[in-house]
Amino acid sequence: MAPPDVPEALCQLPAGLPAGRLLPPHQDGLLRVGPPRSPVLWVSDEPLDDADVWWESLYRDRLTTGLHPVLFEYPDDALHPGDARDGSGTKAEHHLLEEWHNYRRHKAEREALPPVPSSPEEEDEEECDWPDGSPTFDAWPGLAVAPAREAGPDDSAAAAAAHLVRKESLRHLALVPAARSADIPAAIGWTGMANRLSAGDLSAVLRSWEDRFGARLVGLGHATAFVSVAARPADLDQAHVLALEHYLTCPDNVEQGMCTFPEYAGDLLERSVWRFWWD
C-alpha cells in the first residue's frame with residue numbers, strides 16, 4: 001500500500017545528501033499497524049564524521065528548503081516519533097506554572113508521610129550523601145528575564161553542532177520540516193522525555209528559550225536533548241530562576257545530576273550548551 005502524501009519539503013530534499021531514508025511515525029518503537037503513515041523526517045543511514053559541516057550548510061539553507069537540520073545519536077532506535085502535535089496553543093509560562101503547582105503539591109504530600117523505618121540491612125550499609133536537588137523557591141518567581149545576547153544564535157548553534165559531533169558522538173544527520181528548531185520535537189512527536197511532558201509542551205518551552213536566550217535545539221540522543229545558548233543568565237539570581245525552568249522541564253538534570261540546585265544554577269552562568277536528560 002502506498003504511503004499518504006509526503007510533506008512537500010521532504011519531497012524536495014537538497015541535492016547531494018549522503019545515503020539516508022524517510023522515517024514515518026512510530027509507536028512504542030514499533031511501526032504502527034495499518035495503512036502506511038506519512039514520513040516526518042529524513043535521516044542519514046550511517047554516522048558521518050563531518051555531520052557538523054553538513055548541519056551548518058543545511059542550517060544556512062533552512063529558510064529556503066523548509067527543512068531544519070538536527071543531529072541524532074542514533075538513526076532510529078532511540079527515536080520513536082508518534083503523531084505530531086505542534087504545541088502551538090501551549091504557552092510556556094502557563095505550562096511551567098502548572099508544573100510548579102504539581103511539584104509543590106507532590107512535595108507537600110511527601111513531607112506529610114511518616115518516616116519509613118530503616119531495615120537492618122539498610123542500617124548496615126554506608127550512608128550515601130546524595131545532594132539535595134530540590135528548588136530553593138517557596139513561591140513562583142515567574143520566567144527568567146531575557147539577558148543581553150553574547151553571540152549570534154546561529155554562531156552559537158554551529159559551535160554546539162561541532163561540539164556534539166566531536167565530543168558527544170551525535171553523527172547522524174536528520175532533516176525535519178520545521179520553521180524553527182524548537183518545533184522539531186513536536187514535528188516528529190519525539191518521546192525521549194520519558195513521559196515527563198509531551199512533545200508539544202517541550203516545543204513550547206523551547207520556543208520561549210529561543211526568544212529569551214537565543215537557544216537552538218541542535219541534537220537529540222537517547223532520552224537527551226542538546227540546546228545551544230547565545231545568552232546566559234545575567235546574574236546568579238536569574239540563573240536560579242532559569243534553573244527552576246530547567247527543573248520543571250527535566251527534574252532528572254538536577255535530581256540525578258549529583259549536584260545541588262544552587263550548584264546547577266551557578267553552572268548555567270558558564271554553559272553555552274544545555275544538556276537535558278530524562279531517566
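Structure report, in brief.

Rules used throughout
Residues numbered from 1 in each chain as written. Predicted model: local features only at pLDDT ≥ 70, side-chain atom pairs only at ≥ 80, totals over all residues. Heavy atoms only, no water. Helix = DSSP H or I, 4+ residues; strand = E, 2+ residues; numbered from the N terminus. Buried < 20%, exposed > 50% of the residue type's maximum accessible area, 1.4 Å probe, protein only. Contact = heavy atoms within 4.5 Å. Areas by Shrake-Rupley, 256 points an atom, 1.4 Å probe, with all protein chains shown as cover. Phe/Tyr/Trp six-rings, centres within 6.5 Å; stacked < 30°, edge-to-face > 60°. Lys NZ or Arg CZ within 6 Å of the ring centre and 35° of its normal. Pairing = 2+ DSSP bridges. Axes fitted to C-alpha atoms, helices over the stretch in contact; angles between N-to-C directions.

Attention now moves to the overall build of the chain. Broken down by element type, the chain carries eleven helices and nine strands. Considering the chain as a whole, with its 279 residues, one finds that 47% of them fall into the buried category. Once local pairs closer than 6 in sequence are excluded, the contacts in the chain between residues at least 24 apart make up 79%. For the chain, the exposed surface amounts to about 14100 Å²; the carbon and sulfur share of it is 50%.

Our next topic: the packing of aromatic side chains. Applying the stated criterion across every chain, the model contains eleven aromatic pairs. Plain terms: the ring middles of Trp 100 and Tyr 103 are 5.9 Å apart, the flat faces sit at 40° to each other, and that makes the pair tilted. On the criterion of helical spacing, the pair formed by Trp 100 and Tyr 103 is a turn pair, its members being three residues apart in helix α4 (residues 92–112). On the numbers, 5.9 Å between centres and 75° between planes, the contact of Trp 190 with Trp 278 is edge-to-face. Taken together, the residues span a long stretch of sequence, with Trp 190 in the loop between α7 (184–188) and α8 (199–213) and Trp 278 in the segment after β9 (273–277) at a distance of 88 residues. The exposure classification of Trp 190 matches that of Trp 278, with both residues buried. Joined through ring pairs, the aromatic side chains of Trp 190, Trp 209, Phe 213, Trp 274, Phe 276 and Trp 278 make up one cluster. A cation over a ring is seen here: Arg 62 above Tyr 59, with NZ or CZ 3.8 Å from the ring centre.

For the rest of this paragraph, the subject is the sheet that holds strand β4 (residues 41–44). Across the sheet, seven strands lie side by side as β1-β4-β6-β5-β7-β8-β9; this open sheet has mixed pairing. With one partner strand each, in any of the chains shown, β1 (20–23) and β9 form the two edges of the open sheet. Averaged over all neighbouring strand pairs, the angle between strand axes comes to 30°, with direction disregarded. Taken together, the four bridges between strand β7 (residues 216–220) and strand β8 (residues 224–228) define a ladder with antiparallel strand orientation. Paired with Arg 216 across the strands is Ser 228, a residue of β8. Against the sheet, helix α2 (residues 51–60) touches β5 (67–72), β6 (172–177) and β7, its axis set at about 160° to β5. The strands touched by α8 within the sheet are β7, β8 and β9, with β9 carrying the most contacts at an inclination of about 165°.

Now for the environment of Trp 190. What makes Trp 190 buried here is its relative accessible area of 2%. Once the C-alpha coordinates of Trp 190 and Ala 223 are considered, the two residues, 33 residues apart in sequence, prove to be 9.4 Å apart.

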